[in-house]
Amino acid sequence: MAWLTTISRREATGRLAEAYAAMAARPIPEAYRPPHDDAPGIVQTHSQDAELMIRTFRVSGLLHRSALGWADRELISSVTSRTNQCFY
């Protein structure tokens, strides 16, 4: 298993700090809020490239704007991940 070095929101500076602030301002379901006061792990995995983080979550945010409810979108995401053999 690979190990990614991540930068926490508290350690972030510059463009990464701006990206974290933008991510924190987005509404997210309570189930995605981590118990610690930092960005969720899936967001932190993108911390080595702030521009990629912004692009990735901009696209995912646009894809989640639909008539489907959160639970249905989660089910589709889970099936897609499983089909792609992504066991996150």
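To be clear, the structure that these remarks concern was listed above.
The structure reproduced in this document is the subject of the present report. Here the structure is a predicted model, which is why all the values come from computation and not from measurement.

Cut-offs used in this document
Residues numbered from 1 in each chain as written. Predicted model: local features only at pLDDT ≥ 70, side-chain atom pairs only at ≥ 80, totals over all residues. Heavy atoms only, no water. Helix = DSSP H or I, 4+ residues; strand = E, 2+ residues; numbered from the N terminus. Expected span 1.5 Å × (residues − 1). Salt bridge = Lys/Arg side-chain N within 4 Å of Asp/Glu carboxyl O. Buried < 20%, exposed > 50% of the residue type's maximum accessible area, 1.4 Å probe, protein only. Core = buried A, V, L, I, M, F, W, Y, C linked by side-chain atoms within 4.5 Å. Contact = heavy atoms within 4.5 Å.

A closer look at helix H4 (residues 70-83)
With 14 residues, H4 should reach 20 Å at 1.5 Å per residue; the first-to-last C-alpha distance of 20 Å fits that figure. Once H4 ends, the next one or two residues include Gln85, with phi positive near 60°.

Remarks on the pattern of salt bridges
Side chains that differ in charge, positive against negative, can pair when their charged atoms come close. Under the definition given, this model contains five salt bridges. Put simply, Arg15 and Glu51 hold a salt bridge, and the shortest N to O gap is 2.7 Å. Taken as a pair, Arg15 in helix H1 (residues 14-25) and Glu51 in helix H3 (residues 50-63) lie far apart in primary sequence, 36 residues in all. The exposure class assigned to Glu51 is partly exposed, which follows from its relative accessible area of 32%. Glu30 serves as the salt-bridge partner of Arg33, at 3.4 Å between the closest nitrogen and oxygen. In this structure Arg33 comes out as partly exposed when scored by relative accessible area, which is 41%. The class for Glu30 is exposed, based on a relative accessible area of 61%. Each of the salt bridges in this network shares a partner with another, and the network as a whole consists of Arg15, Glu18 and Glu51.

A short note on the environment of His36
Its location among the elements puts His36 in the loop between H1 and helix H2 (41-44). With relative accessibility at 41%, the residue His36 sits in the partly exposed group.

Remarks on the nonpolar core
The biggest cluster of nonpolar side chains holds eleven residues, and these are Ala12, Leu16, Ala19, Tyr20, Met23, Ala39, Val43, Ala50, Met53, Ile54 and Phe57. Listing elements by their share of this core, those giving two or more residues are H1 and H3. Excluding anything up to four places from it in sequence, Phe57 contacts Met23, Arg26, Ile42, Val43 and His46.

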